[in-house]
Amino acid sequence: MADTVQYRLERMSDELDDLERRGLFTRAELAEVVRRRRDFEFRLRRHSPRKADFLDYIAYLLRVDALRDLRKRAIIRATPNPTHSDEDNDTNEDGKKRKKRKKKWAKSISDFAGVLRVLDVYRMATVRFKGDLDLWFRYLEFCRQKGHGRMKQVMAQAIRYHPKVPGLWMYAAAWEFDQNLNVAAARALMQSGLRSCPESEDMWIEYLRMELTYLNKLKARKVALGEDVKTLQKSSDDSGQWKEENKGLFMSLDEQGDSPKESGLEDVALEDKEDLFWQQGVLIIRTIYHGAMEALPSSLTLRKKILEILNSVELAHSEELRLEVMDDLKKDFSHNEDYWDWLARLQLSDSINSSTLNKKEAVLNKLNKSIQVYDEAVRKLPTSKMYSLYANFWLGVVFSDREDSISLFHDADFDASEFTSAILKVFENAESCGCLSEDLACQYVSLCLKLGRSEEAPERLEEAKNLAEKLCSGPLSQAANLWNLRASIEIKSLATATGSASFSEENLSSLFDLFNIVLPKLSITKAEGLWHTAMKLFSHEKIYFEKLVKCAMLSLSSAGGSDCGASVSSAFVGWVLQKDGIKQARKMYKRFLALPRPSLKFFQFCIELEANLAVGNNDGLVNARKLYDSAISIYPQERELWRKYYNMELTVGTSETSNAIYWRARKVLNDSTALDVPRS
């Protein structure tokens, strides 16, 4: 290893001599450079070099080369240039100085050695870490920035090791297209990449963009050369019609006129010549489109991106291809809800002749087109998702405070009440079709509740309450979120009726009956939010809180130690601790721990509660030890539990108790390193 390092250092001698001879580095600085390079070379030659070793070496080499370039520029700027008068007085002497300075700063080995050494380190790094894509891209980017001739070789190696990475193919094609100006090579690379990665949507899109960019460059070239200017027009019908209507303004240079036959042949030849460019362009785009559809027939996203590209280009005869894409979309994705949602929202971007319509009428026309698409969609595809997308569209139209709100309608000063009946009709149709999911039902009730806040429709609050009751009694009786929404509406309704936050005995009884209906019916995992709402409501009502605890114990006994059950039981203990103190909280958690197989998460909550009291409190330490022992008896293989128990004894216990826990853990876990705590 030392011989290899020494050999590589000796190869730097010419470069170092050149740096000293030019005055860019002193001998002491060069000695430091050699020392640092020797250290890096030894790091690269060890048994298992790391990626960071190569990157650190590269960063150091780049810093040294940047310093060399900076000093070189400073010396060149500081060197005085001979004036014209000096040249007249002493031409021979100044000529010698000028030649000497030019010879001194001509390109030499030190100007190239830094880049070559970085390339060499990159080569060794990629040989060591062939699978590191980040390293390959760093290597390629460095070659591109320096304009080095090794770029093609590195690209070929990277693609050979990673033929299934679309990013490498696109990077190579972009370099050939933009930097090397070789369109044929870029096209060949993209086609080879598509054969290796046919399912990459990004590659198909980038290939299409590249071909369109090439067509635009050809078009710009034709304009610059003054050739076939008419090919920039999508259609020449308008200009021909204008000439026909105003033919009286033109005077023929030949009184007898051209022969109709000859004129017709010339026009046909010129038209064929002009259309050839666009025919080739459309043919290329059509070929890419059909290839993409063959490779990814079920990708809706790819077709939407292709359509967006077609809408943004100014190619003649591309309207036929756009209609073909739209027809294929409808044929292949008419069973997909996302397609109908995209198609309906696409109507909002269609241009409307604003000369005959004002702004509000134009926006209303767009809205009507979108509604027609959604109505057709729910007729052909009556699903919960389709109705949900339809409802979200209406909510974006009506309410401006939503994330998916459509600003087009809010800018036109629409009144939200104009669309209230239409949006409610969507939810009603979904309910009548049996497509009302839990989320859609919550949106339905929330909409009624939101509309009920306005002064013009105060009866909406009662409608929201009745609607929630009806839905919870129907097929959505197991929808926990809907029950939670209903409970909050009931609480708000009673608070609004009484005008205070405190409830009468009758109201509390009715609310408890509501919770008593749903809580035993739903699993504790689904109804976690309802449990927390009920605890908050009845926390200061001792009788109802005790009934709630008994109901929770029945549900927890069937849950069997789930984390959601631990969250509910921990919340009960927390409420009791806050209200009645630690003694009552201990009684409460002991009741829950008496249930079959309590949750480990609940054990940890109780242990943490007692451990906070263990410092300076013997009762807290005793109870924490009892809880640890109970938890270990149920979960003996939990290493983290043993480790926390041992750490607690080290902190607040004695050496005897900590050693006892240590040997118990080794015996149960059968591992001598079970309680080894990592040291920083």
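Numbering of residues starts from 1 in every chain and runs along the sequence as written. Only residues with pLDDT of 70 or above have their local features reported here, since the model is predicted, and side-chain atom pairs are shown and tallied only from 80 upward, although totals for entire chains, interfaces and linings are computed over all residues. The basis for the side-chain values is all heavy atoms of the structure; hydrogens and waters are excluded.

- Named according to an unreviewed UniProt entry, the chain is U3 small nucleolar RNA-associated 6-like protein originating from Aegilops tauschii subsp. strangulata.
- Database annotation for the chain, UniProt heading Sequence similarities (unreviewed entry): "Belongs to the UTP6 family."
- UniProt positions are given in the numbering used here, feature names are shortened, and annotations may be inferred rather than shown by experiment. As stated in UniProt under Subcellular location (unreviewed entry), the record for the chain gives "Nucleus, Nucleolus".

**A look at the nonpolar core**
Part 1: In these notes, a set of buried Ala, Val, Leu, Ile, Met, Phe, Trp, Tyr and Cys residues joined through side-chain atoms within 4.5 Å is what counts as a nonpolar core. Any residue under 20% of the maximum accessible area for its type is buried, any over 50% is exposed, and the rest in between are partly exposed; the area is computed with a 1.4 Å probe on protein chains only. Counting 196 residues, the largest nonpolar core has W394, W531, F538, F572 and F592 as its most contacted members.
Part 2: Broken down by element, this core gets its largest block of residues, 10 residues, from helix 19 (residues 384-398).
Part 3: Here this core spans two domains, and each of domain 1 (1-76 + 109-227) and domain 2 (503-635) adds at least three residues to it.
Part 4: Beyond its immediate stretch of four places on either side in the chain, F572 contacts W531, M535, F545, L548, V549, A552 and F592. In DSSP terms, a helix is any run of H or I states spanning at least four residues, a strand is any run of E spanning at least two, and both are numbered starting from the N terminus. Source of the domain bounds: an automatic or database domain assignment. The criterion used for residue contact is that any of the two residues' heavy atoms lie within 4.5 Å.

**Considerations on unusual backbone geometry**
Part 1: Non-glycine residue L181 carries a positive phi angle of around 55 degrees.
Part 2: Structurally, L181 can be placed in the loop between helix 10 (166-179) and helix 11 (183-196).
Part 3: Residues other than glycine seldom take positive phi values, yet R597 does so here, at roughly 45 degrees.
Part 4: Summarising the element assignment, R597 is placed in the loop between helix 29 (582-593) and helix 30 (600-614).

**So, the UniProt feature "coiled-coil region" (unreviewed entry) in the chain**
Part 1: Under the local residue numbering, the UniProt record ascribes the feature "coiled-coil region" (unreviewed entry) to residues 2-29.
Part 2: End C-alpha atoms of residues 2-29 are separated by 23 Å, and the span's content is 75% helix alongside 0% strand.

**Topic: the confidence of the model for the chain**
Interpretation of this model should avoid reading the predicted coordinates in detail wherever pLDDT is low.
Part 1: Across the chain, pLDDT averages 81, with 81% of residues at or above 70.
Part 2: Note on scores: pLDDT gives the predictor's confidence for each residue, bounded by 0 and 100. Note that residues 245-263 has pLDDT below 50 and, in this model, 3 contacts with residues that lie over four places away or in other chains.
Part 3: Every residue in residues 265-270 scores below 50 in pLDDT, and together they form 0 contacts with partners more than four places removed in sequence or on other chains.

**Some thoughts on the layout of surface pockets**
Part 1: Residues are called lining when one of their atoms sits within 4 Å of a cavity or pocket point, these points coming from a 1 Å grid over the protein atoms alone, where a cavity is a set in which a 1.4 Å probe fits but cannot get out and a pocket is an open set with protein on both sides within 12 Å along at least five of seven lines. Grid points are joined across faces, edges and corners, and a volume is the space filled by probe spheres set on the points. Estimates place the volume of the second largest pocket at around 310 Å³.
Part 2: R8, R11, M12, D14, E15, I109, A113, L116, R117 and D120 together form the lining of the second largest pocket.
Part 3: At 5 residues, helix 7 (residues 109-128) tops the list of elements feeding residues into the lining of the second largest pocket.
Part 4: Side-chain classes are defined by residue name, with Ala, Val, Leu, Ile, Met, Phe, Trp, Tyr, Cys and Pro counting as nonpolar, Asp, Glu, Lys and Arg as charged, and the others, Gly among them, as polar. In terms of residue class, the lining of the second largest pocket is made up of 4 nonpolar, no polar and 6 charged.

**Structural notes on the packing of aromatic side chains**
Any pair of aromatic rings gets described here by the distance separating the centres and the angle formed by the planes.
Part 1: Pairing of aromatic side chains requires ring centres within 6.5 Å, counting the rings of Phe and Tyr and the six-membered ring of Trp. Pairs whose planes differ by under 30 degrees are stacked, by over 60 edge-to-face, and all others tilted. Within the structure shown, the criterion is met by 26 aromatic pairs.
Part 2: Ring geometry for Y339 versus W342: centroids 6.2 Å apart, planes at 40 degrees, classification tilted. Here W342 and Y339 lie together in helix 17 (residues 337-346), a separation of 3 residues that amounts to about one turn.
Part 3: The exposure class assigned to W342 is buried, which follows from its relative accessible area of 14%.
Part 4: Here the aromatic cluster, defined as three or more aromatic residues joined through ring pairs, consists of W531, F545, F572, F592, F602 and F605.
Part 5: Seen from the ring of F25, R71 lies directly overhead, with NZ or CZ sitting 5.0 Å from the centre.
Part 6: Taking the ring centre of F399 as reference, the NZ or CZ of K450 above it sits at 4.0 Å. Here, over-ring charges are defined by two tests on the NZ atom of lysine or the CZ atom of arginine: distance to the ring centre within 6 Å, and angle to the ring normal within 35 degrees.

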